[in-house]
Amino acid sequence: MTGRFGTRDTFAVEVGEILSPNLRVVDLWAAGKKLTTHDNVAYVPSLCHSMQTAAAEVRQRAIRPRPSRERSPEEIFRQFEADETDFRERYWFLQWSEIVDNVSCYAYLDDHLVIVFAFRRADHPFPEDVGKVFVARIPPDEFAATLEQATDLLGDERVG
């Protein structure tokens, strides 16, 4: 079975065809942008673990708060990218395997979960998007539910 969980405009997980017992086509979307543009074949056990961990952290509000009220999400992203200490690592998000290795992504909580990201590969299929900062805002419980629904499907259909 395939399925879409969430909405592409905020955050979505689209589960596609089964390629083997542990490999599956999975597309991730945020702020209307497809994040899995270079590789959408996921190793299911690893992806499920990462998604379950992220869902639990977000549901428990274990994501750090917005680091600066004075700065826009785009400015915050640029601050993270310029940082050479472990400060930015506290905000890393969607570090979920090779399917998203073309994206620099951070998240923080304000009233919503705010996901800020940029495509970093020069060979991105939409060159006008490279280096541009995108922002997705989603209620934390909605984000967690999206991941939980997707992992339920991925876990239920795994063979072996």
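In what follows, the accompanying structure is described. Since we're looking at a predicted model, the values are computed, not measured.

### A few points about the overall build of the protein
Then, in step 1: If you tally the helices and strands in the protein, you get 3 helices and 8 strands.
Then, in step 2: C-alpha atoms of the protein, sized along the principal axes, occupy 50 × 35 × 30 Å.
Then, in step 3: In the structure as shown, the protein presents an accessible area of about 8000 Å², 47% of it carried by carbon and sulfur atoms.
Then, in step 4: Between the averaged position of the 19 positive side-chain charges in the protein and that of its 27 negative side-chain charges there is a distance of 3 Å.

### Details of the environment of Phe87
Then, in step 1: For Phe87, the position within the fold is in the loop between helix H2 (73–82) and strand E6 (103–109).
Then, in step 2: Of the residues examined, Phe87 reaches a relative accessible area of 22% and is grouped as partly exposed.
Then, in step 3: Considering only alpha carbons, one finds Phe87 and Pro45, 42 residues apart in sequence, at a separation of 29 Å.
Then, in step 4: In contact with Phe87, other than residues within four places in its own chain, are Pro67, Gln79 and Phe80.

### A few points about the environment of Glu57
Then, in step 1: Counting through the fold element by element, Glu57 comes out in helix H1 (residues 44–59).
Then, in step 2: Along the backbone, Glu57 and Leu147 are 90 residues apart, and their C-alpha atoms lie at a distance of 11 Å.
Then, in step 3: Residue contacts for Glu57: discarding those within four places in its chain leaves Ala62 and Ile63.

### Brief notes about the packing of aromatic side chains
Then, in step 1: Tallied over the entire structure, the rule returns 11 aromatic pairs.
Then, in step 2: Judged by centre distance (6.5 Å) and plane angle (90°), the rings of Phe11 and Trp96 are edge-to-face. Placement of the pair is Phe11 in strand E2 (residues 11–20) and Trp96 in the loop between H2 and E6, with a sequence separation of 85 residues.
Then, in step 3: You can call Phe11 buried: its relative accessible area is 0%.
Then, in step 4: A cation over an aromatic ring shows up here: Arg8 above the ring of Trp29, its NZ or CZ 4.0 Å from the ring centre.

### Observations regarding the sheet that holds E6
Then, in step 1: One open sheet holds the 3 strands; their spatial order is E6-E7-E8, and the pairing between them is antiparallel. The open sheet has two edge strands with one neighbour each: E6 and strand E8 (134–138). Pairs of neighbouring strands in the sheet enclose a mean axial angle of 20°, with direction left out of account.
Then, in step 2: Bridge analysis of strand E7 (residues 113–119) against E8 gives 5 bridges, and the strand direction is antiparallel. Looking at the pairing, Ile115 lines up with Ala136 of E8.
Then, in step 3: Where H2 meets the sheet, its contacts fall on E6, E7 and E8, and the angle it forms with E6 comes to roughly 120°.

### Comments concerning the nonpolar core
Then, in step 1: Within the largest apolar cluster, 39 residues are counted, with the highest numbers of intra-cluster contacts made by Phe11, Phe93, Trp96, Leu113, Ile115 and Phe143.
Then, in step 2: Among residues more than four places away in sequence, those in contact with Phe93 are Val58, Ile63, Cys105, Tyr106, Ala107, Leu113, Ile115 and Phe143.
Then, in step 3: Within the second largest apolar cluster, 10 residues are counted, among which are Ile76, Phe80, Tyr106 and Val116.

Rules and cut-offs
Residues numbered from 1 in each chain as written. Predicted model: local features only at pLDDT ≥ 70, side-chain atom pairs only at ≥ 80, totals over all residues. Heavy atoms only, no water. Helix = DSSP H or I, 4+ residues; strand = E, 2+ residues; numbered from the N terminus. Areas by Shrake-Rupley, 256 points an atom, 1.4 Å probe, with all protein chains shown as cover. Lys, Arg positive; Asp, Glu negative; His and termini not counted. Charge placed at Lys NZ, Arg CZ, Asp CG, Glu CD. Buried < 20%, exposed > 50% of the residue type's maximum accessible area, 1.4 Å probe, protein only. Contact = heavy atoms within 4.5 Å. Phe/Tyr/Trp six-rings, centres within 6.5 Å; stacked < 30°, edge-to-face > 60°. Lys NZ or Arg CZ within 6 Å of the ring centre and 35° of its normal. Pairing = 2+ DSSP bridges. Axes fitted to C-alpha atoms, helices over the stretch in contact; angles between N-to-C directions. Core = buried A, V, L, I, M, F, W, Y, C linked by side-chain atoms within 4.5 Å.

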